[in-house]
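Structural features, examined
In case you want the letters, here they are:
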Amino acid sequence: MDKDETNHGPAISSEASTLSTKEKDDRAFKAKAAAFLAGVTGVSILFGFGTTLAAAKKKDPHFFDQGLTGRFEKQATEPTSSEAASAMRRRGPVSISSVEPGASLALRALGWGTVYAVTGCSLLFYGIWKLMAVNDLKEFRLKVGGWLPAVPRNTPQGRTEFSGLNDLLQYIIDVDKEKKEAAKKTDAK
């Protein structure tokens, strides 16, 4: 064996181990990002659904409770306010057997809405993918990057790191004073 061959062997293996470590770190970052996005999405869905349920219960608590249990009973008392009475008149006669419980209606609507949203977005993204004639995400990124304008990389002109909020505010005050003094000097000339 040559001396050169033995010297290159460890260098290549260290590059491979560095590359595999980088790939592992990249995968871990992507997994954390996906978990974060899934968590934010879940919280948003729960908040939206809960807000909608609260609004429905506030609007008509009697029918809301009947919708959850699935049992429909006639309302024992007539509505007291004129607004509620007019709402009852506008509803008209409703057959109790033809009314679907609110919870099952909401779940069915949520299911169909999800199917429509996922199908529509999937078809849109698949169509864009096929129209661009790309094979993988790296190629897609390069094509889109070629079409979009380049993002200018500006280097910061002033300080970018501060020890705390007070340091940041003092820096802003000092810069403002410097600008005012420079403006006075140019006005005086």
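Counting starts from 1 at the beginning of each chain's written sequence and moves along it residue by residue. Per-residue local features are limited, in this predicted model, to residues with pLDDT of at least 70; the limit for side-chain atom pairs, both in listing and counting, is 80 or more; totals at the level of whole chains, interfaces and linings are taken over all residues. The side-chain figures draw on all heavy atoms in the structure; neither hydrogens nor water molecules are used.

1. Regarding the overall build of the protein chain
- Under the DSSP-based scheme used, a helix requires at least four consecutive residues in state H or I and a strand at least two consecutive residues in state E, with every element numbered from the N terminus. If you tally the helices and strands in the protein chain, you get six helices and zero strands.
- Secondary structure elements of the protein chain, listed N to C terminal, follow the sequence α-α-α-α-α-α.
- Every one of the 189 residues in the protein chain was classed for burial, and the buried ones make up 4%.
- Relative to all contacts within the protein chain whose residues are 6 or more apart in sequence, the contacts with residues 24 or more apart total 27%.
- In short, Shrake-Rupley with a 1.4 Å probe defines the accessible areas, and a residue's cover is counted only from the protein chains shown. Looking at the protein chain as shown, the accessible area adds up to about 16,800 Å², and 63% of this sits on carbon and sulfur atoms. Summary of the burial criterion: residues with accessible area below 20% of their type's maximum are buried, those above 50% are exposed, and those between are partly exposed, where the area comes from a 1.4 Å probe applied to protein chains only. Should any heavy atoms of two residues lie within 4.5 Å, those residues are counted as being in contact.

2. Some words on the pattern of salt bridges
- We define a salt bridge as a contact between a side-chain nitrogen of Lys or Arg and a carboxyl oxygen of Asp or Glu at a distance within 4 Å. A full pass over the atoms with the stated rule returns three salt bridges.
- A salt bridge links Asp167 to Arg159; the shortest N-O distance between them is 2.6 Å.
- Between Lys180 and Asp176 there is a salt bridge whose closest N-O contact spans 3.5 Å. Within this pair, Lys180 and its partner Asp176 are both found in helix H6 (residues 165–188), separated by four residues, close to a single helical turn.
- A relative accessible area of 37% means that Asp176 is categorised as partly exposed.

3. Details of a nonpolar patch on the surface
- Patch criteria: residues need more than 30% relative accessible area and no salt bridge. Like-charged residues are merged within 9 Å; nonpolar side chains of Val, Leu, Ile, Met, Phe, Trp and Tyr are merged within 5 Å. On the surface, a nonpolar cluster with roughly 340 Å² of combined accessible area is contributed by Phe49, Leu53, Leu107 and Leu110.
- Contributing elements (two or more residues each) for the nonpolar patch: helix H1 (3–59) and helix H4 (102–132).
- Within the secondary structure, Leu107 is located in helix H4.

4. Observations regarding the packing of aromatic side chains
- Whether two aromatic rings pair depends on their centres lying within 6.5 Å, for rings of Phe, Tyr and Trp, where Trp uses its six-membered ring; planes under 30 degrees apart make the pair stacked, over 60 edge-to-face, and the rest tilted. Applying the stated criterion across every chain, the model contains three aromatic pairs.
- When the ring of Phe162 is compared with that of Tyr171, the centres are 5.3 Å apart and the planes differ by 50°; the resulting orientation is tilted.

5. Observations regarding the confidence of the model for the protein chain
- Residue-level confidence of the predictor is what pLDDT reports, using numbers from 0 through 100. The pLDDT averaged across the protein chain works out to 79; a share of 71% of its residues lies at or above 70.
- Taken element by element, the protein chain is modelled with least confidence in helix H3 (residues 82–91), mean pLDDT 59, and with most confidence in H6, mean pLDDT 92.
- Segment residues 1–6 is flagged for pLDDT under 50; beyond a separation of four residues in sequence, or across chains, it makes one contact in the model.

6. Describing unusual backbone geometry
- Unlike most non-glycine residues, Ala133 shows phi in positive territory, near 55°.
- Residue Ala133 is classed as exposed on the basis of its relative accessible area of 53%.

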